[in-house]
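Given next are the chains, with one letter for each unit.
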Amino acid sequence: MIPRSFGYHDPATLDEALTLLGEYGEDGKLMAGGQSLLPMMKFRLASPAHIVDLCRIPGVDTIEESNGEIRIGALATHRSLEDSQLLKSRCPILAKAASSIGDAQVRNLGTIGGAIAHADPAANYSPVLVALGARFVVRSAQGERVVAAADFYKDTFVTALRPSEMVTEIRVLAFGREVGWEHAKLSRRASDFALVGVAVLLRADAADVCTQADVVLGAVAPVPVRMQGVEVALVGKPLTSAAAAQAASVTKLGDKTPSDVHADAAYRAEVAPVCVRRALEAAINRMTARNK
Amino acid sequence: MSDADEGAYVGQRLARPEDRRFIQGAATYVDDVALPGMVFAAFVRSPHAHARIKSVNAEVALDHPKALHVLTGAEAVKASHPMPVYSYEPAQKIEKPAYPCLAAERVRFVNEPVAVVAATDRYSADDVAELVEVEYEPLPVLMDPEVSLQESSAKLHDNLPNNIGLHLVRQGGDIKAAFAEADGVLRRRFRMHRHTGSPIEPRGIVASYNVGQNALTVYASTQIPHILKTHLSEILDFPESNIRVIAPDLGGGFGNKLQVAPEYVAVCLLSMRLGAPVKWIETRRESLSAFIHARDQILDAEIAYKKDGTLLGISCNILVDAGAYLDARISGPTLGAGLWLTGPYRLKGYFCDMKETMTNKCPYAAYRGFGSTKGVFVIERSVDLIANELGMDRAEIRRKNLIQPEELPYKTVSGLVYDSGDYEEALDRALQAVDYQKLKAEQAALRKRGKYIGIGLAMAVEGAGWNTYTAAMARPYVPTQDYSTITIRMNLSGRVTIYIGDTSMGTSHGVTASQVAADALGVRLEDIDLVEGDTAVTPYDSGTRAARFAGVVIPGVEKAAKSLRSKVARVAAHILEAAPEDIEIRSGEAFVRGLRSKTVTLQRVAQVAFAEVWSLPPDIPPGMEATESFRAPRDSICVTWPYSVHMPVVEVDVETGITKVLKYVIVHDCGTEINPMVVEGQAVGGSVQGIGGVLFEELVYDEDGQLLTSTFMDYLLPTACEVPNFDVVHMATPAPQIPGGYKGMGEGGAVYSYAAVISAVADAIEHLGVEVTSTPLSPKRIRQMMRERAVVAA
Ligand SMILES: Cc1cc2nc3c(=O)[nH]c(=O)nc-3n(C[C@H](O)[C@H](O)[C@H](O)COP(=O)(O)OP(=O)(O)OC[C@H]3O[C@@H](n4cnc5c(N)ncnc54)[C@H](O)[C@@H]3O)c2cc1C
């Protein structure tokens with residue numbers, strides 16, 4: 001609970017931050033909200049020699065839409081996503097995912113960029129971002145690249161980021177009432193990490209026959225996993241609760257399903273289809289509500 | 001005394017004057033204590049659950065530029081006696097396994113301290129501790145209390161040949177006759193899992209040894225300042241008169257802080273070596289892994305009953321997983337479980353065998369509710385299961401067996417002597433408050449829709465204030481009868497200060513003691529202050545524990561306040577030239593009865609008593625102070641007997657095992673209520689611990705003895721989101737043996753609630769073919785039960 005000593009830097013610009021990060025390489029760590037980094041340091045699981053605190057850098061926390069794409073600055077806090085009117089109308093699944101992260105204190109400080117970079121397998125955003133086909137803008141002193149969410153998550157706490165890189169922006173396509181959606185976090189207490197997380201996006205034709213389904217689970221593997229079987233089972237079917245139940249029953253977890261004190265792999269395997277079924281039902285209800 | 005004086009403050013819902021400092025962040029906890037020249041301690045702790053210490057090398061550590069000292073177990077053992085161990089049963093002889101403040105030869109649980117370091121700042125202290133090199137030779141690890149008992153198992157202590165730390169047997173009534181008469185016997189293994197109280201303020205100490213005065217001043221987070229002083233004197237071989245313990249504001253205790261922490265001893269030793277103040281505030285991880293664990297018991301019970309639902313007798317073997325060492329208050333949580341097996345029911349026979357077994361886990365000790373939580377769980381669950389077996393309603397079977405008001409005082413077969421109350425009335429009021437019949441109909445309707453709610457029902461009589469307990473704590477200094485000694489002083493200004501030798505741990509001592517004293521003295525509430533916890537200025541006391549404040553301490557306050565009142569009256573009478581019997585005191589003024597014009601302020605009275613002593617007649621001593629003791633009645637192990645009925649409603653999502661407490665009704669009776677708001681706070685707070693204990697909190701070890709739940713990320717305390725609104729219904733049957741009629745009640749919430757929440761979950765799912773006899777009722781466990789049921793059914 002007492003971190004080792006470290007050097008502290010609070011650059012005023014993004015360029016300065018990236019230069020520092022480039023300089024320190026493996027010895028340096030960015031700090032955004034500190035909500036994951038500081039606990040790791042306090043347990044001495046991480047002991048970076050240099051902290052590059054992003055808190056003074058302006059302009060990296062905006063949420064804007066242009067040409068049907070929503071761009072979220074990496075330093076936008078969970079709270080600002082949760083409260084964003086733009087997200088509530090144009091990408092409500094992300095606002096909802098933000099709203100059940102930890103507790104109010106965590107949401108006031110924690111950032112979407114930090115959550116993405118930290119890559120906790122049980123994090124709220126990751127299945128949502130994979131389902132949305134999000135793209136992450138990643139920058140270093142050398143330049144910028146764009147990485148698809150599906151390619152970003154590599155393993156537990158491991159991402160495609162290089163030590164000198166920072167996530168600066170998250171891009172997702174906006175959607176409206178034509179999409180049925182749900183994010184759900186099955187957790188022990190309201191503020192806990194997911195035992196199972198589910199993101200669902202459904203599209204349908206005028207007759208409510210499913211044309212596209214994105215179903216991604218979190219907390220059941222080192223990285224978010226797409227439930228392809230469930231998606232296949234839905235497409236082409238009328239979206240009813242019977243179809244939801246039928247498709248959900250196809251949910252299958254891999255052999256890397258984690259076990260911990262709160263949920264062993266058997267538990268996760270057993271409740272994942274339940275979570276999928278309920279999320280599908282909620283998404284279908286939202287979609288049918290659009291017609292009313 | 002005129003009528004208007006009587007009970008002006010007692011009975012009122014008054015906000016606590018002490019809230020101001022807590023809410024404004026202006027309280028003083030141990031961590032707020034900063035002394036000149038203070039240095040910081042950190043502990044080197046064992047990574048092994050069981051190992052021989054081969055060597056400890058502090059050379060590299062001492063090279064750290066901020067390092068001041070490293071004290072190893074070998075040195076500490078030479079400089080101190082082992083931790084004290086006493087038994088509750090005064091006659092009980094126990095082989096004490098030596099419990100050194102720092103392990104010298106062997107470590108017996110993960111995070112047991114093996115050395116303590118001092119450095120100039122807190123951060124460096126941890127760095128220095130990391131540099132101490134300890135070589136271990138791992139030994140076989142014992143994690144299962146039943147395996148510990150096996151002959152072939154490794155032995156944890158040389159003087160405990162069977163790994164049994166303690167063995168007690170109690171019996172009462174005629175157990176043979178009770179079982180002979182039975183139509184049925186319910187036999188079950190009940191199990192309550194390991195978890196513990198989690199004061200948000202962890203342990204902490206600032207020990208300051210003054211070389212010149214050979215005096216040790218200790219600021220400690222503790223429930224027992226005086227007992228801590230006594231024990232430190234014994235352990236350190238240091239004159240008691242030269243030790244001063246100050247317990248500042250306490251951020252929670254829950255019984256955990258009844259312990260004399262080995263770490264406190266080590267920090268005192270450090271300070272004595274360095275001649276400087278040393279601070280140690282434990283981390284949450286230390287708190288969860290090396291402080292106190294509790295509850296963990298296996299109870300094999302047999303309950304004899306008749307076809308008509310009459311309960312006859314209970315026989316139980318209790319196995320306690322006591323962890324690596326016996327705590328000073330050993331046997332309390334065990335004996336309590338055994339004693340409370342009889343519930344509020346008329347039984348004819350009782351037998352209980354209690355064993356504490358040693359394992360390689362954190363030591364086991366008191367947690368709110370003490371032992372009774374487990375005993376009440378067993379009897380209440382058994383009554384439910386018998387009701388199920390007989391097709392009786394759970395309320396009706398209780399009604400049939402409840403001890404009736406006219407039978408009180410009633411001695412249970414286990415030896416408790418309940419004092420007063422109406423248990424059936426409390427049951428009726430609870431059923432009414434939840435609207436039992438309507439709720440049952442609603443439950444049935446919901447079940448048809450695949451929604452499962454359970455109506456919990458549990459009741460018990462709590463023992464508040466323990467007589468033999470006191471003996472256990474400070475033998476031979478304190479006799480086996482609980483008592484309180486209170487000093488109360490009027491100051492020169494006319495304001496009043498009450499001195500009590502314990503500490504308020506959220507138990508609202510400030511407001512409640514002031515309410516009682518204000519009424520007894522005739523002063524205004526706002527003119528009273530409370531000083532607690534400082535052994536230099538407060539009378540000797542056994543500490544804040546066992547819900548003894550209202551039933552044992554408050555009568556002392558009342559007695560001392562009355563005694564002070566008569567002193568005030570004598571001086572006032574002298575000033576007003578009247579007879580002391582004719583003096584009335586009200587709202588800070590003394591006057592001659594019926595003659596309001598002859599009035600003097602208490603400020604003036606105090607001035608005369610303190611500063612114009614020449615004007616006092618020779619038979620009136622100077623000053624304005626009284627010290628009185630209240631001796632608790634001793635016909636039973638406990639002093640007063642509050643009781644309660646708890647009825648929570650819990651929804652169980654059977655597909656995921658997630659539970660949600662929807663509603664919670666409490667009916668309780670703690671005699672005369674001093675402040676109903678405080679009573680509600682205690683009842684609700686304790687119940688939240690029951691919700692946590694049953695549904696969320698669990699200390700999980702792996703097979704190597706590593707604790708997997710050593711942070712609040714994994715050890716789940718219920719938060720506001722997990723807790724429902726509570727309806728509290730008050731009854732008030734005065735305690736017949738206590739002046740004022742007060743009964744303690746601080747612990748009970750954490751007793752009844754366990755049985756009640758377990759009962760609610762059981763009621764939600766037992767009709768699906770499972771049976772609930774153990775905790776925790778976590779999602780994983782509930783799903784496991786559902787799965788196993790499917791296998792059985794198939
Ligand atoms: C009590 C508690 C409960 C929580 N519950 C949940 C929950 O239910 N669901 C959930 O999803 N999360 C939960 N979290 C985690 C929370 O979402 C964190 O905010 C998040 O994981 C990290 O964000 P941060 O801004 O605090 O990052 P930091 O802690 O500052 O950084 C985390 C890591 O990311 C790196 N980093 C930060 N920003 C960037 C960036 N822009 N580019 C590259 N690297 C970067 C850091 O170097 C560090 O390695 C919880 C946290 C706490 C303390």
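Residues numbered from 1 in each chain as written. Chains lettered and ligands numbered in written order. Predicted model: local features only at pLDDT ≥ 70, side-chain atom pairs only at ≥ 80, totals over all residues. Heavy atoms only, no water.

1. Here's the deal with the interface of chain A and chain B
Heads up, the condition is: By definition, residues are in contact when any of their heavy atoms lie within 4.5 Å. For any pair of parts, buried area is found by adding up, for both, the accessible area (1.4 Å probe) each one loses once the two are put together. For salt bridges, the criterion is a side-chain nitrogen of Lys or Arg within 4 Å of an Asp or Glu carboxyl oxygen. What qualifies as a polar contact is a pair of N or O atoms within 3.5 Å, subject to a donor-acceptor requirement within protein and to the restriction that residues adjacent in sequence count only when both atoms come from side chains. Each helix is a run of H or I in the DSSP string that is no shorter than four residues. Each strand is a run of E no shorter than two, and both are numbered from the N terminus. Three classes are used: nonpolar for Ala, Val, Leu, Ile, Met, Phe, Trp, Tyr, Cys and Pro, charged for Asp, Glu, Lys and Arg, and polar for all others, with Gly counted as polar.
With 26 residues of chain A at the contact, the number on the chain B side is 31 residues. For the pair chain A and chain B, the summed buried area comes to about 2600 Å², and 56% of that belongs to carbon and sulfur atoms. When residues of chain A are sorted by the area they lose upon contact with chain B, Arg188, Arg189 and Val261 of chain A head the list and together hold 27% of the total. The interface formed by chain A and chain B includes eight salt bridges. Glu130 of chain B is paired through a salt bridge with Arg4 of chain A; the nearest N and O atoms lie 2.6 Å apart. Summed over the shared surface of chain A and chain B, the number is 15 residue pairs in polar contact (both at pLDDT 80 or more). At seven residues, the largest contribution of residues to the side of chain A that touches chain B is made by helix α12 (residues 265–290) of chain A. Here the residues of the side of chain A that touches chain B sort into 13 nonpolar, three polar and 10 charged.

2. Digging into the state of the cysteines
Our working rule: Two cysteine sulfurs form what is called a disulfide whenever their separation falls within 2.5 Å. Buried, partly exposed and exposed residues are distinguished by accessible area as a fraction of the type maximum, computed with a 1.4 Å probe on protein chains only: under 20%, between the cut-offs, and over 50%, respectively.
A full pass over the atoms with the stated rule returns zero disulfides over all chains. Cys210 of chain A takes part in no disulfide bond, and the closest cysteine sulfur to it belongs to Cys91 of chain A, at a distance of 18 Å. No disulfide involves Cys362 of chain B; its nearest neighbouring cysteine sulfur is the one of Cys101 of chain B, lying 16 Å away. What makes Cys362 of chain B buried here is its relative accessible area of 0%.

3. Section: the sheet that holds strand β4 (residues 106–107) of chain B
Residues and elements named next belong to chain B. Let me state the cut-off plainly: Any two strands between which DSSP finds at least two bridges are classified as paired.
Reading across from one edge, β4-β2-β6 is the order of the three strands in this open sheet, with antiparallel pairing throughout. The sheet is open, and its two borders are formed by β4 and β6 (133–138), each paired with just one other strand. Here strand β2 (residues 51–57) pairs with β6 via six bridges, running antiparallel. Counterpart to Arg52 in the pairing with β6 is Glu137.

4. Topic: the environment of Met354 of chain B
Residues and elements named next belong to chain B. Position of Met354 among the secondary structure elements: in strand β15 (residues 349–358). Residue Met354 is classed as buried on the basis of its relative accessible area of 0%. Taking the C-alpha atoms as reference, Met354 lies 8.3 Å from Cys316; in sequence the two are 38 residues apart. Apart from residues lying up to four places away in sequence, Met354 is in contact with Leu166, His167, Leu168, Arg170, Ile318, Thr334, Leu335 and Gly338.

5. Remarks on the site of the ligand
All names here are of chain A. Stated precisely, the cut-off is as follows: A cutoff of 4 Å decides nearness: a residue is near a molecule or strand if any of its heavy atoms lies inside that distance of it. Note on areas: Shrake-Rupley with a 1.4 Å probe; residue coverage comes only from the protein chains shown. Each domain span listed reflects an automatic or database assignment of domains.
Lining the immediate environment of the ligand, one finds 31 residues, of which Leu30, Ser36, Leu37, Thr111 and Asn124 sit closest. Between the ligand and Ser36, the relevant distance is 2.6 Å, taken from an oxygen atom to a side-chain nitrogen or oxygen of the residue. Within the side chain of Thr111, a nitrogen or oxygen atom sits 2.6 Å from an oxygen atom of the ligand. For the ligand, the protein covers 92% of the area, taking 960 Å² as the surface of the free molecule. Counting only elements with at least two residues in the shell around the ligand, the list comes to β2 (28–31), α7 (112–118) and β10 (166–173). Broken down by element, the shell around the ligand gets its largest block of residues, five residues, from α7. Considered class by class, the residues forming the shell around the ligand number 14 nonpolar, 14 polar and three charged. Residues lining the shell around the ligand come from more than one domain, with at least three contributed by each of domain 1 (1–175) and domain 2 (179–289).

6. Focus: the domain arrangement of chain B
All names here are of chain B. Looking at the assigned domains, one finds that chain B contains domain 1 (19–27 + 483–631), domain 2 (33–139 + 209–251 + 256–279) and domain 3 (369–466 + 637–793). Between domain 1 and domain 3, the C-alpha centre-to-centre distance is 40 Å. If you sort the residues of domain 1 by the area they bury against domain 3, Ala546, Ala547 and Ala550 come out on top, with a joint share of 31%. At the boundary of domain 1 with domain 3, the tally comes to zero salt bridges. Counting every contact that joins domain 1 to domain 3 gives five residue pairs in polar contact (both at pLDDT 80 or more). Within the residue set of the side of domain 1 that touches domain 3, elements represented by two or more residues are α16 (509–521) and α17 (549–576). Ranked by the residues each element gives to the side of domain 1 that touches domain 3, the list is headed by α17, at six residues. Looking at the side of domain 1 that touches domain 3 residue by residue, the class counts come to nine nonpolar, six polar and three charged.

7. As for the sheet that holds strand β3 (residues 50–53) of chain A
Residues and elements named next belong to chain A. Worth spelling out the cut-off: To obtain an axis, a line is fitted to C-alpha atoms, over the contacting stretch when the element is a helix, and the angle between two such axes runs from 0 to 180 degrees between their N-to-C directions.
Strand order in the open sheet made by the three strands is β1-β3-β2, with parallel pairing throughout. The sheet terminates laterally at β1 (7–9) and β2, the two strands that pair on one side only. When the angles between neighbouring strand axes are averaged without regard to direction, this sheet yields 25°.

8. Considerations on the packing of helix α10 (residues 332–339) of chain B against helix α11 (residues 372–390) of chain B
All names here are of chain B. To keep it simple, the criterion reads: Note on angle classes: values under 35 degrees are labelled roughly parallel, values over 145 roughly antiparallel, values of 65 to 115 roughly perpendicular, and the remainder oblique. Handedness of a helix crossing follows the sense of rotation of the near helix relative to the far helix, less than a right angle counterclockwise being left-handed and clockwise being right-handed.
Interaxial distance between α10 and α11 falls to 6 Å at its minimum, and their mutual angle equals 25°. Between α10 and α11, the angle falls in the class roughly parallel. The way α10 lies across α11 gives a crossing that is right-handed. Taking contact as the criterion, the partners of Pro333, Gly336 and Ala337 in α10 are, on α11, Ser372, Lys374 and Gly375. Its residues assigned to classes, the contact of α10 with α11 shows two nonpolar, three polar and one charged.

9. Observations concerning the packing of aromatic side chains
The way to describe two aromatic rings as a pair is by their centre distance and the angle between their planes. How we decide: Classification of ring pairs rests on two measures: the distance between centres of Phe, Tyr or Trp rings, Trp counted by its six-membered ring, which must be within 6.5 Å, and the angle between planes, read as stacked under 30 degrees, edge-to-face over 60 and tilted in between. Here, over-ring charges are defined by two tests on the NZ atom of lysine or the CZ atom of arginine: distance to the ring centre within 6 Å, and angle to the ring normal within 35 degrees.
Throughout the structure, instances matching the rule amount to 15 aromatic pairs over all chains. Aromatic ring contacts, followed pair by pair, group Trp340, Phe370, Tyr418, Tyr423, Trp466, Trp641 and Tyr643 of chain B into a single cluster. Over the ring of Trp181 of chain A we find Arg286 of chain A, and its NZ or CZ is 3.7 Å from the ring centre. Above the ring of Phe591 of chain B, the side-chain terminus of Arg596 of chain B is found at 3.9 Å from the ring centroid.

10. Here we look at the nonpolar core
Residue and element names in this part refer to chain B. Which entries qualify depends on this criterion: In plain words, nonpolar cores are sets of buried Ala, Val, Leu, Ile, Met, Phe, Trp, Tyr and Cys residues tied together by side-chain atoms within 4.5 Å.
Ranked by internal contacts, the top residues of the largest apolar core, which has 120 residues, are Met647 and Ile765. If you tally residues by element for this core, the top one is helix α20 (residues 749–765), at 12 residues. Both domains that meet at this core, namely domain 2 (33–139 + 209–251 + 256–279) and domain 3 (369–466 + 637–793), each give it at least three residues. Setting aside its immediate chain neighbours within four residues, Ile765 contacts Val652, Val654, Val770, Val772, Ile782 and Met785. The next biggest cluster of nonpolar side chains, apart from the first, holds 50 residues, and it includes Val523, Val553, Ala606 and Met624.

11. Overview of the domain arrangement of chain A
Residue and element names in this part refer to chain A. Taken as a whole, chain A is organised into domain 1 (1–175) and domain 2 (179–289). Placing the centre of domain 1 and that of domain 2 at their C-alpha centroids yields a distance of 25 Å. Between domain 1 and domain 2, the contact holds 23 residues from the first and 24 residues from the second. Overall, the association of domain 1 and domain 2 removes approximately 1900 Å² of surface from exposure, summing both partners, and the carbon and sulfur fraction of that is 69%. Of all residues in domain 1, the largest losses of buried area upon contact with domain 2 belong to Lys96, Pro127 and Ala131, amounting jointly to 26% of the total for that side.

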